[in-house]
Amino acid sequence: MPGAQSAQGVLREDCRAGEVAARVRNDADALAATLRACNRAANHASSVAFTKDLKRRNVLQKEVYFALKGGYDLGAQPAVRVVKKVCDAYAALKGNIRAGNLGREGSKRRLRAESKPIRFREDAAQPFDDRILTWNLDARTVSIWTVAGRIKHTPFVCSAEAMKLLASRKGESDLALRDGTFFLIATIDLPEPEVFEPTGFLGVDLGVVNVATTSDGEIMAGRRLNRYRQRHRDLRQKLQKKRTKSAKRALHADHNGSSNVAHRGEAVWKRGAVNRPRTSTR
């Protein structure tokens, strides 16, 4: 009967959709568990590095390699990546201290940073190299190692411009979790752009009433943008007064949205420079 065939077709489609949804949930759980395991292992390696003053990669890896593999269900290469992540973190801390970014010697902020091992959040980003993460740009999929086994043919989405840049990918890629969404942050190796000498300079004065005023007399008004900013400013003040959990969640969402507004305002005055080729802005 035609009706029965149609019902069977719908049932099959529903079953396929359910299978896809179940696979997505399983893959997401595996990726989240992988981040937790890697960051817990990183905290262990960081404690050892701090206690025994082992900040160099080779000596720290020799000390904690088998403990990371056996105690946190990590493979050989993920354990190596965890050690490098810890060593890079201590190298960055040392560089910040040397540059004075954490205050003068003896300051509270500097003492607080130097007096305890570096800690990693359970959802902190984790670097993957080509042995444990492979890209298939033609199929737009990745194959990635997890503590639950290797996940293959996992699709990813990106813009057309990002897809072109991925052709120049080189080195590690970071798996990051933000607001419940997983991101892969790839390292791109691009050639240096050609150096050109500008034929003139354009001065840009950033203001409140007018977003930007250029030195050649063009005024870029941002009335709509200013109204948007004021509306969100009033909303943040109301939410901050409530101090409830739902208000904090709304504040977090509003912060993510309002951060894009700054880029919109910047784009307004940059547009003036783009319309003037071979011109440098000041």
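This text goes with the structure placed above it.
Residues numbered from 1 in each chain as written. Predicted model: local features only at pLDDT ≥ 70, side-chain atom pairs only at ≥ 80, totals over all residues. Heavy atoms only, no water.

> Can you tell me about the packing of aromatic side chains, naming the residues and giving the values?
All chains considered together, the criterion is met by two aromatic pairs. Look at Tyr65 and Phe66: their rings are 5.2 Å apart centre to centre, the planes differ by 80°, and that puts the pair in the edge-to-face class. For Phe66, a relative accessible area of 64% puts it in the exposed group. Taken together, a centroid distance of 5.2 Å and an interplanar angle of 75° make the contact between Trp135 and Phe156 edge-to-face. Separated by 21 residues along the polypeptide, Trp135 in strand E2 (residues 133–136) and Phe156 in the loop between strand E4 (151–155) and helix H5 (160–166) bring together distant segments of the chain. Side by side, Trp135 and Phe156 carry an identical accessibility label, which is buried. (Phe/Tyr/Trp six-rings, centres within 6.5 Å; stacked < 30°, edge-to-face > 60°. Buried < 20%, exposed > 50% of the residue type's maximum accessible area, 1.4 Å probe, protein only. Helix = DSSP H or I, 4+ residues; strand = E, 2+ residues; numbered from the N terminus.)

> Describe in detail the environment of Trp145, supporting the description with residues and values.
Along the chain, Trp145 falls in the loop between strand E3 (141–144) and E4. Leave out the neighbours within four places in its chain, and Trp145 touches Thr34, Asp73, Leu74, Gly75, Pro78, Phe128, Ile132 and Arg150. (Contact = heavy atoms within 4.5 Å.)

> So, a nonpolar patch on the surface: which residues are in play, and what are the values?
Residues Leu165, Ile188 and Leu190 make up a contiguous nonpolar surface patch of about 220 Å² in total accessible area. With respect to the element layout, Leu165 can be found in helix H5. (Patch = residues over 30% accessible without salt bridge, like charges linked within 9 Å, V, L, I, M, F, W, Y side chains within 5 Å. Areas by Shrake-Rupley, 256 points an atom, 1.4 Å probe, with all protein chains shown as cover. Salt bridge = Lys/Arg side-chain N within 4 Å of Asp/Glu carboxyl O.)

> Tell me about the pattern of salt bridges, residues and numbers included.
Considering all chains together, one arrives at ten salt bridges under this definition. Of the charged contacts, one joins Arg121 and Asp123 as a salt bridge, the two residues approaching to 3.1 Å between their closest N and O atoms. When its relative accessible area of 56% is taken as the criterion, Arg121 is described as exposed. Counted as one network, the salt bridges with shared partners bring together Arg81, Asp129 and Glu172.

> So what's going on with the packing of helix H2 (residues 57–72) against helix H3 (residues 76–99)? Residues and values would help.
Viewed as axis vectors pointing N to C, H2 and H3 meet at an angle of 135°, and their least axial separation amounts to 9 Å. Taken together, the axes of H2 and H3 lie oblique to each other. The interaxial crossing formed by H2 with H3 has right-handed handedness. Along its contact with H2, which presents Arg57, Leu60, Gln61, Val64, Tyr65, Leu68 and Lys69, the element H3 presents Ala76, Ala79, Val80, Arg81, Val82, Val83, Lys84, Val86 and Cys87. In terms of residue class, the contact of H2 with H3 is built from eleven nonpolar, one polar and four charged. (Axes fitted to C-alpha atoms, helices over the stretch in contact; angles between N-to-C directions. Parallel < 35°, antiparallel > 145°, perpendicular 65-115°, else oblique. Left-handed = near helix turned anticlockwise from the far one by under 90°. Nonpolar A, V, L, I, M, F, W, Y, C, P; charged D, E, K, R; others polar.)

> Break down a positive patch on the surface for me, with residues and values.
Judged by side-chain charge, Lys108, Arg109, Arg112 and Lys116 come together as a positively charged surface patch. Mapped onto the fold, Arg109 is located in helix H4 (residues 108–114). (Lys, Arg positive; Asp, Glu negative; His and termini not counted. Charge placed at Lys NZ, Arg CZ, Asp CG, Glu CD.)

> Residue-level account of the layout of surface pockets, with values.
By volume, the second largest pocket amounts to about 210 Å³. Lining the second largest pocket are Phe50, Lys55, Cys87, Tyr90, Ala91, Leu93, Lys94, Ile97, Ala113, Glu114 and Lys116. Those elements that place two or more of their residues in the lining of the second largest pocket are H3 and H4. Considering every element that reaches the lining of the second largest pocket, the biggest residue donor is H3, with six residues. (1 Å grid on protein atoms, 1.4 Å probe; cavity = no way out; pocket = protein on both sides within 12 Å on 5 of 7 lines; lining within 4 Å. Points joined across faces, edges and corners; volume = space filled by probe spheres on them.)

> Please set out H2 residue by residue, giving values where relevant.
Between its first and last C-alpha, H2 extends only 19 Å over 16 residues, short of the 22 Å set by a 1.5 Å rise per residue. Within H2, the axis deviates most sharply at Val64, by approximately 50°. Buried within H2 we find Leu60, Val64, Tyr65 and Leu68. Once H2 ends, the next one or two residues include Asp73, with phi positive near 60°. (Expected span 1.5 Å × (residues − 1). Bend = angle between axes of the 7 residues up to and from the residue.)

> Residue-level account of the pairing of E4, with values.
Across three bridges, the pairing between E3 and E4 is antiparallel. Looking across to E4, one finds that Thr141 is bridged to Pro155. The hairpin turn running from E3 into E4, its antiparallel successor, is six residues long, and Gly149 in that turn takes a positive phi close to 115°. (Pairing = 2+ DSSP bridges.)

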